[in-house]
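# Observations on the three-dimensional arrangement
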Amino acid sequence: MIRIGITGGIGSGKTYVCQLLKKRGIPVYHCDDEAKYLMSRSPLIRERLTRLLGTEAYIGQKLNKPLIAAYLFADEHHAAKVNAIVHPVVKQDFLQWTERQTAPIVAQECALLFETGFQDTVDVTVEVYTPLSLRLQRAIQRDHATPRQIQARMAQQMDEEEKRQRADVCILNDGTADLEEQIEHMLNNLKNDYSKKDKNTII
């Protein structure tokens, strides 16, 4: 099994790339969605968030989202404390998820792939790269937010040029490059590369 990590900045189109992968029969694990689910359902996360924030962290079986949001915005260091609780559980959940899959290729969508160390859970890292001005425009329209709000969120992520340098594969999504062709080329290369590795292992 080949595990692909898909990342990219806000407005880069990584979710759309993942949709194209799904059309090709490739299962995709969405880290953001699973993190939200696990924050409500994981006993380990619940125990540790309660220890950090008090019993008000949950209202019945539901996460107290306003309290979490207030805690995160109160201090720039608070996000690291919450992430230290959530990310290891999400990482383990992804590894367990891959064990249940039967497809030869699976993918993980993770906005903070490098920032969180999730690149260690995949075989190949893929950066969906889009110029900053276009990312900003897309995010403003999608989220109905102001430029300042989007720029503040972008500032919390790793610089796109650094991600581009660190990634094994770069998919350009600037509205001119053909995404389908790039994805097909990437998948063919991966299959060929890993087929050669398997042959070398057998020998």
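About the cut-offs
Residues numbered from 1 in each chain as written. Predicted model: local features only at pLDDT ≥ 70, side-chain atom pairs only at ≥ 80, totals over all residues. Heavy atoms only, no water. Axes fitted to C-alpha atoms, helices over the stretch in contact; angles between N-to-C directions. Helix = DSSP H or I, 4+ residues; strand = E, 2+ residues; numbered from the N terminus. Parallel < 35°, antiparallel > 145°, perpendicular 65-115°, else oblique. Contact = heavy atoms within 4.5 Å. Nonpolar A, V, L, I, M, F, W, Y, C, P; charged D, E, K, R; others polar. Buried < 20%, exposed > 50% of the residue type's maximum accessible area, 1.4 Å probe, protein only. Salt bridge = Lys/Arg side-chain N within 4 Å of Asp/Glu carboxyl O. pLDDT = per-residue confidence, 0-100. Polar contact = N/O pair within 3.5 Å; in protein donor to acceptor, adjacent residues only side chain to side chain. Core = buried A, V, L, I, M, F, W, Y, C linked by side-chain atoms within 4.5 Å. Pairing = 2+ DSSP bridges.

For the pair helix H3 (residues 43-53) and helix H5 (residues 78-100), interaxial distance at closest approach is 10 Å and the crossing angle is 170 degrees. Taken together, the axes of H3 and H5 are roughly antiparallel relative to one another. Here Leu44, Ile45, Arg48, Leu49 and Leu52 of H3 come into contact with H5, specifically with Lys81, Val82, Ile85, Val86 and Val89. Taken together, the residues of the contact of H3 with H5 break down into 8 nonpolar, no polar and 2 charged.

Structurally, His78 can be placed in helix H5. Its relative accessible area of 15% is what places His78 among the buried residues. Setting aside residues no more than four positions away along its own chain, His78 makes contact with Tyr71 and Leu72.

This part takes up the pattern of salt bridges. In this structure the tally under the stated criterion is 7 salt bridges. Among the ionic pairs, Arg24 bridges to Glu184, the shortest N-O distance being 3.1 Å. Remark: Glu184 occurs in helix H9 (residues 179-202) and Arg24 occurs in the loop between helix H1 (14-23) and strand E2 (28-30); sequence separation between them is 160 residues. Arg24 gets classed as partly exposed once you look at its relative accessible area, which sits at 29%. For Arg51, the salt bridge identified is with Glu47, shortest N-O distance 2.6 Å. In this pair, Arg51 and Glu47 are both assigned in helix H3, 4 residues apart and thus about one turn of the helix distant. Relative accessible area serves as the criterion here: at 61%, Arg51 is assigned to the exposed category. If you follow the salt bridges from partner to partner, you end up with Lys23, Arg24, Glu180 and Glu184 in one network.

The subject of this paragraph is the confidence of the model for the protein. Averaged over all residues, the pLDDT of the protein is 88; the fraction at 70 or higher stands at 96%. Summarising per-element confidence for the protein, the mean pLDDT is lowest in H9 (76) and highest in E2 (97). Here residues 199-203 scores under 50 on pLDDT; set against residues more than four positions off or in separate chains, the count is 0 contacts.

On the secondary structure map, Thr121 appears in the loop between strand E5 (105-109) and strand E6 (124-129). Overall, Thr121 belongs to the buried group, its relative accessible area being 3%. Among the polar contacts listed, one links the side chain of Thr121 to the backbone oxygen of Phe118, at a separation of 2.7 Å. If we skip the residues at most four places from it in the chain, Thr121 touches Arg3, Lys91, Phe94, Leu95 and Gln108.

Within soluble globular proteins, side chains that are nonpolar generally end up buried alongside one another. Within the largest apolar cluster, 28 residues are counted, with the highest numbers of intra-cluster contacts made by Tyr29, Met39, Ile45, Leu49, Val86 and Val90. No other element matches H5, which puts 7 residues into this core. Look past the residues within four positions of Val90 in its chain and what remains in contact with it is Tyr29, Cys31, Ala35, Leu38 and Phe118. By size, the runner-up hydrophobic cluster in this structure holds 21 residues, among which are Ile4, Leu20, Leu21 and Val28.

This part covers the sheet that holds E2. One open sheet holds the 5 strands; their spatial order is E2-E5-E1-E6-E7, and the pairing between them is parallel. Looking at which strands have only one partner, the edges of the open sheet turn out to be E2 and strand E7 (169-172). Put simply, the sheet's adjacent strands are angled 25 degrees from each other on average, direction ignored. Pairing between E6 and E7: 4 bridges, direction parallel. Directly across from Val126, in E7, lies its bridge partner Val169. Lying on the sheet, H1 is in contact with strand E1 (2-7), E2, E5, E6 and E7; it crosses E2 at an angle near 150 degrees.

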